[in-house]
Structure formats: C-alpha cells, structure tokens
Amino acid sequence: MQQYDTYKTSLEAELSQITEQLETIATQDHKTGDWIASIKDETTGSADENVVADATEEWGTHAALLEQLETRYRNITRALEKMKLGTYGICEISGLEIEPERLQINPAARTTIANRDREKELPL
C-alpha cells in the first residue's frame, strides 16, 4: 500500500492527541482497557449542593464525550495493530480492500465505502 507510512504517521499522531484528551476527562482501567469518566477530586465529599451539581454536570459532559473519544481511540489502536499483522486496509465486512480515498479521509476506517453505514454494527 503506497500511503502506508503516511497513514501510520497520521494514526499515531491522532492517537497521541486522543489519549491526551481522554486523560483529561477519564481514567483508563488497565485490566480491561476501558476508559471511565472522572471528575475533579476536590468535589468528592462536598456538602455544597452547587459543587455537587456542577460535578455531576461535568461528569455527564465527560461521559458523553468519552464515548466518542473511546470509539475513535479503539479504532485507531485497531488500525495500528492491523498494520503490524498485515491486515490493514481490508474491509471487516466484505473482506475487500478499502478504497485509498476512504483511508485518506479516515485512516482508521474498518470498511469499504459501500459498507461504511454498517461499520457501527462491528464490535468495538
């Protein structure tokens, strides 16, 4: 694949950025690899209702963002692993080669253009 090194560099850079973002809103369970939304420690045990309400709102915001970031994180790490295994750029649904134009836009794509709507069906 001609663009392999470009895709790898792009994926590694994005993984670094996403990991930084995840670390500001969550902690990673090193046993499962899952990310868990977190809040600032200074709110723990507070009796002030406003502080508790703000912390709850912050946690809700983090949880919503976390889902998107974690999905992207897993797709990127999967793509990098596929590069190591020599299976990068192969559609996980059809087994066909993923179009270069799709990989240029999304180097972590798991499916061909024809199957992109079904990508959500694939397990994380």
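Residues numbered from 1 in each chain as written. Predicted model: local features only at pLDDT ≥ 70, side-chain atom pairs only at ≥ 80, totals over all residues. Heavy atoms only, no water.

Which parts of the structure should I look at to understand the packing of aromatic side chains?
The geometry of an aromatic ring pair is captured by the separation of the ring centres together with the interplanar angle, meaning the angle of the planes. Considering all chains together, one arrives at 3 aromatic pairs under this definition. Each ring, one from Tyr 4 and one from Tyr 88, has its centre 6.4 Å from the other, and the planes form 80 degrees; the classification is edge-to-face. Taken together, the residues Tyr 4 in helix H1 (residues 4–25) and Tyr 88 in the loop between helix H2 (49–85) and helix H3 (100–105) connect sequence positions 84 residues apart. The class for Tyr 4 is partly exposed, based on a relative accessible area of 28%. With 6.1 Å between their ring centres and 50 degrees between their planes, Tyr 7 and Tyr 88 make a pair best called tilted. A residue pair is termed long-range when its members are at least 10 positions apart, and Tyr 7 in helix H1 and Tyr 88 in the loop between H2 and H3 qualify at 81 residues. Each member of the pair Tyr 7 and Tyr 88 is classed as buried. (Phe/Tyr/Trp six-rings, centres within 6.5 Å; stacked < 30°, edge-to-face > 60°. Helix = DSSP H or I, 4+ residues; strand = E, 2+ residues; numbered from the N terminus. Buried < 20%, exposed > 50% of the residue type's maximum accessible area, 1.4 Å probe, protein only.)

Looking at this model, I keep getting lost on the environment of Asn 115. Mind explaining?
With respect to the secondary-structure elements, Asn 115 resides in the segment after H3. In sequence terms Asn 115 and Glu 92 are 23 residues apart; their C-alpha atoms lie 9.2 Å from each other. Dropping the residues within four chain positions of it, Asn 115 is found in contact with Cys 91, Ile 93 and Ser 94. (Contact = heavy atoms within 4.5 Å.)

Even after reading the chapter, I still don't get empty space enclosed by the protein, so can you show me in this structure?
Regions of empty space are outlined by a rolling probe, equal in size to a water molecule, passed over the atoms. Under the defined criterion, the tally for this structure stands at 1 cavity of 30 Å³ or more. In this model, the largest cavity occupies a volume close to 30 Å³. Lining the largest cavity are Asn 75, Arg 78, Ala 79, Lys 82, Tyr 88, Gly 89, Glu 92, Ala 108, Ala 109 and Arg 110. By residue class, the composition of the lining of the largest cavity is 4 nonpolar, 2 polar and 4 charged. (1 Å grid on protein atoms, 1.4 Å probe; cavity = no way out; pocket = protein on both sides within 12 Å on 5 of 7 lines; lining within 4 Å. Points joined across faces, edges and corners; volume = space filled by probe spheres on them. Nonpolar A, V, L, I, M, F, W, Y, C, P; charged D, E, K, R; others polar.)

Just distances and angles here, no functional claims.
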